[in-house]
Amino acid sequence: MDAAIELIRVSRRYRSATALQDISLRLEKDAIHGLLGRNGAGKTTLMSIATAQDWPTAGEVKILGMRPHENEQVLPKICFVREEQRYVDDALAKHAFNAAAQAFPRWDAELAAQLAREFRVPEKTRIKKMSRGQRSAVGVIIGIASRAEVTFFDEPYMGLDAVARQLFYDRLLEDYAAHPRTIVISSHLIDEIAHLIENVVVIDQGSILLQEPVEQLCDRAVTLVGRADAVAEIAGTREVLQHEAMGRIVRTTVLGALDEAERRALQERDVEVVPVSLQQLIVRLTAREDTLKQTTMDPSQEVAR
Amino acid sequence: MSNVAVHSMAVPAAREQEAPRSSFARVPSAFKLQFTVPSQMIWVPLSVFLLSWAVAIGIGLWLRHVSGDGPTINTGASQATIWCLAFIAAYSASHTFPFSMALSYSRRVFVLGAFLAFATVSAGFGALFSIAILLERATGGFWAESYTFDIPAVTQNAGVLGAGILAGAVCLWAMMFGFFWSILYRRVSLAMLWIIALGLVALLAVTIMVVAQNQWWPHVGDWLAVQSSYSFAGWVLLLTLVLTAVNYLVIRRAVPTA
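Residues numbered from 1 in each chain as written. Chains lettered and ligands numbered in written order. Predicted model: local features only at pLDDT ≥ 70, side-chain atom pairs only at ≥ 80, totals over all residues.

Caption draft 1: Structural view of the overall build of chain B. Regarding its fold elements, chain B presents 10 helices and 2 strands. Ordering the α and β elements of chain B from the N terminus gives α-α-α-β-α-α-β-α-α-α-α-α. Its C-alpha radius of gyration of 24 Å places chain B more than 25% over the 18 Å reference for a compact globule of 258 residues. By its C-alpha atoms, chain B is 90 × 45 × 35 Å across when sized along the principal axes. Out of the 258 residues in chain B, the part that is buried amounts to 38%. (Helix = DSSP H or I, 4+ residues; strand = E, 2+ residues; numbered from the N terminus. Rg over C-alpha atoms; globule rule 2.2 N^0.38 Å. Buried ≥ 20, exposed ≤ 12 C-beta atoms within 10 Å, placed from the backbone.)

What follows is the structure in structure tokens.
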């Protein structure tokens, strides 16, 4: 499949920090990608660079096969409304939508009006006077109604209540189904967006930790619940991501799928298999990576500390 | 609804072959972006224009009332609109620029749209300036010999039209100047902003000292004496074009969140 977004050995360094470190990433066209990671991992920097709002210190960026920086051939096909987006001073929501209609060739004004009603965006309140959730709704509406070929949502749920978040997920999926395009969503609410995304990119401390299709990723780990000796036997030499003991019963999350023989052994030894949620898996993998980094840290740095 | 279900519904759209679009195709949209909120670029400056004029007329009438006949009164109230528009241009850099990035305008298109919008507003100001001169002349400075726009220094060489053109040119320069400082603040740290500001002041001071030390003031005076409002407007517009290019160089690496 064609790539919508390509980052080739991209780094972004600031005076005192490195936000992205030699990242290479290829995201396919017409799919919903989840960009996950902890605060400060580099998600927003990555999206800013991909949308030409920021630029890399090193490396190359291609959107739909073109370099986006100052490139009006590709920029109208990109939409990135930030988490704390600034709008024209004193603007009402309708002003922001009118401006977006001028900028995006595929803008759907009817959809924007419908979403504004559904999200209950106030018509006569200036955006700067709106609640955080209402401001987020304005950004979400621009993101969906723009129908940009490559759309980025940076933690779009900030301030949105559960009903509004569900509305966002539902409307995004509906519109995506009718008008396939490339969507990248960064989020901390991993399990909430798990059903939306096809591909997961986990970023940690400026590096790509993993990039896999969701289904493949979920098959990578299992949680075994049962007697300690039985669980240990089935787990074998697999890497343990998480281990909790509750008396004689243990709950162990291990990396690696079970084969047929092991699945039969589960019943014989009365061990239960619990599917690992995407959120749990990402959290465990991120924690594991941190541990690995700490244990492989240069001893001289350790002494210097 | 699961992603699998939805994705199976997704029918890949036929990608029509798109002809390459002009790099400047969205300049008209970037121009309109500046007028997204009509109060910002039209109604607020117009209100300032009328209110500052009204205040100046009021003060003129009061002075004439308390002091009787006397010399002609020239006020500086015409500058109020220019300062107002300079601040609005600074707002454009601080607020409209980040929004323009969300709308995926290139920085070049944004600056061109802003320049054209500022030029349009400045032309409007210049036209109002000329109309105001005619009104002041027709009423004898509102029956108090009090003039806000019909200032001899502006009108004596080139008349009403030249004064309007000069006012428009100065207004455009002031807007790009306000835009410059705001976008520079976005680009560099506060300390660097002050270093640049003080550096420019120092450069100006050195220029004045060089002129004074070499006793060039008479030449400067001669040069000024032969200028008309038209030629002044030309110099100001030339300076504005340079400033616009500088603005683009500054905004080229400005990040909307900074």
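Still more ground to cover, so stick around.
Caption draft 2: Just the sheet that holds strand E13 (residues 272-275) of chain A, in detail. All names here are of chain A. Here 4 strands make up an open sheet; going across it, the order is E11-E12-E10-E13 and the pairing antiparallel. Two strands lie at the open edges of the sheet, namely strand E11 (240-246) and E13, each paired on one side alone. Within this sheet the neighbouring strands show an average axis-to-axis angle of 20°, counted without direction. In terms of strand pairing, strand E10 (residues 221-227) meets strand E12 (residues 249-255) through 7 bridges, oriented antiparallel. Each bridged residue has a counterpart across the sheet, and for Ala221 the counterpart in E12 is Leu255. (Pairing = 2+ DSSP bridges. Axes fitted to C-alpha atoms, helices over the stretch in contact; angles between N-to-C directions.)

Caption draft 3: Representation of the sheet that holds strand E2 (residues 18-28) of chain A within the structure. All names here are of chain A. Overall, antiparallel pairing links the 3 strands, which are arranged E2-E1-E4 in an open sheet. At either end of the open sheet lies a strand with only one pairing partner, and these are E2 and strand E4 (58-63). In this sheet, neighbouring strand axes are inclined to one another by 15° on average, regardless of whether the strands run parallel or antiparallel. Here strand E1 (residues 3-13) runs beside E2; their pairing, made up of 7 bridges, is antiparallel. Its bridge partner being in E2, Leu7 is matched across the sheet by Leu25. The sheet strands contacting helix H1 (residues 43-50) are E1, E2 and E4, and the helix crosses E1 at an angle near 120°. (Contact = placed C-beta atoms within 7 Å.)

Caption draft 4: A look at the interface of chain B and chain A. With 38 residues of chain B at the interface, the matching set in chain A holds 38 residues. Elements with a contribution of two residues or more to the side of chain B that touches chain A: helix H1 (3-9), helix H2 (27-33), helix H3 (38-67), helix H4 (79-102) and helix H5 (107-145) of chain B. Residue contributions to the side of chain B that touches chain A peak at 7 residues, all from H4(B). Here the residues of the side of chain B that touches chain A sort into 20 nonpolar, 13 polar and 5 charged. (Nonpolar A, V, L, I, M, F, W, Y, C, P; charged D, E, K, R; others polar.)

Caption draft 5: How the structure looks around helix H5 (residues 162-178) of chain A. Residue and element names in this part refer to chain A. Between its first and last C-alpha, H5 extends 24 Å over 17 residues, near the 24 Å set by a 1.5 Å rise per residue. For H5, the full list of buried residues reads Phe168, Leu172, Leu173 and Tyr176. Buried residues of H5 fall within an arc of 120° about the axis and therefore sit on the same side. Seen from the open side of H5, the exposed residues pointing more than 90 degrees away from its buried face are Val163 and Gln166. (Expected span 1.5 Å × (residues − 1). Arc of directions from axis to C-beta.)

Caption draft 6: Examining the packing of helix H7 (residues 159-187) of chain B against helix H10 (residues 229-251) of chain B more closely. All names here are of chain B. Where H7 contacts H10, the two axes come as close as 9 Å, and the packing angle between them is 20°. Classified by the angle their axes make, H7 and H10 are roughly parallel. Taken as a pair, H7 and H10 cross one another with a handedness that is left-handed. Grouping the constituent residues of the contact of H7 with H10 by class yields 23 nonpolar, 5 polar and 1 charged. (Parallel < 35°, antiparallel > 145°, perpendicular 65-115°, else oblique. Left-handed = near helix turned anticlockwise from the far one by under 90°.)

Caption draft 7: Local environment of the pairing of strand E7 (residues 182-187) of chain A. Residues and elements named next belong to chain A. Within E7, 6 of the 6 residues are buried, which leaves it mostly tucked inside the rest of the structure. Residue alternation in E7 divides its side chains into two sets, Thr182, Val184 and Ser186 and Ile183, Ile185 and Ser187, and both sets are buried. With 5 bridges joining them, strand E3 (residues 32-36) and E7 adopt parallel strand pairing. Each residue of the ladder has a partner; that of Leu35, found in E7, is Ser186.

Caption draft 8: How the structure looks around H10(B). Residues and elements named next belong to chain B. Taking 1.5 Å per residue as the helical rise, H10 with its 23 residues ought to reach 33 Å, and the 32 Å between its terminal C-alpha atoms agrees with that figure. Turning to H10, its buried residues number three or more, namely Ser229, Ala233, Thr240, Thr244, Asn247, Val250 and Ile251. Buried residues belonging to H10 abut H5, helix H6 (152-155) and H7.

Caption draft 9: How the structure looks around the nonpolar core. Counting residues in hydrophobic clusters, the biggest one holds 146 residues, and the most contacted among them are A:Ala96, A:Ile141, A:Ile185, B:Leu85, B:Phe118, B:Cys171 and B:Met175. Tallying contributions element by element places H7(B) first for this core, with 15 residues. When residues of this core are assigned to domains, at least three map to each of domain 1 (3-214) and domain 2 (219-304) of chain A. With sequence-adjacent residues up to four places away left out, B:Met175 is seen in contact with B:Leu85, B:Ala86, B:Ala89, B:Phe118 and B:Ser122. (Core = buried A, V, L, I, M, F, W, Y, C linked by C-beta atoms within 7 Å. Domains from an automatic or database assignment.)

Caption draft 10: Quick look at the pairing of strand E5 (residues 78-81) of chain A. Residues and elements named next belong to chain A. Every second residue of E5 is oriented toward a common face, with Ile78 and Phe80 on one face and Cys79 and Val81 on the other, all of them buried. With 4 bridges connecting them, E5 and strand E6 (residues 150-154) associate as parallel partners. By the bridge assignment for E6, Val81 is matched with Phe153.

Caption draft 11: Quick look at the environment of B:Arg107. By secondary structure assignment, the location of B:Arg107 is in helix H5. Classification of B:Arg107 as buried rests on a count of 22 C-beta atoms within 10 Å. Sequence-distant contacts of B:Arg107, defined by excluding residues within four places in its chain, comprise A:Glu70, B:Ile251 and B:Arg252.

Caption draft 12: Local environment of the domain arrangement of chain A. Residues and elements named next belong to chain A. Parsing chain A into structural domains produces domain 1 (3-214) and domain 2 (219-304). The distance between the C-alpha centroids of domain 1 and domain 2 comes to 34 Å. Counting only elements with at least two residues in the side of domain 1 that touches domain 2, the list comes to helix H6 (190-193), strand E8 (199-204) and strand E9 (207-213). Considered class by class, the residues forming the side of domain 1 that touches domain 2 number 7 nonpolar, no polar and 3 charged.

Caption draft 13: How the structure looks around unusual backbone geometry. Residues and elements named next belong to chain A. Positive phi, normally seen in glycine, also occurs at Asp22, with a value near 50°. Along the chain, Asp22 falls in strand E2. Despite not being glycine, Arg120 has its phi angle at roughly 55°, a positive value. Turning to its location among the elements, Arg120 is positioned in the loop between helix H3 (109-118) and helix H4 (132-145).

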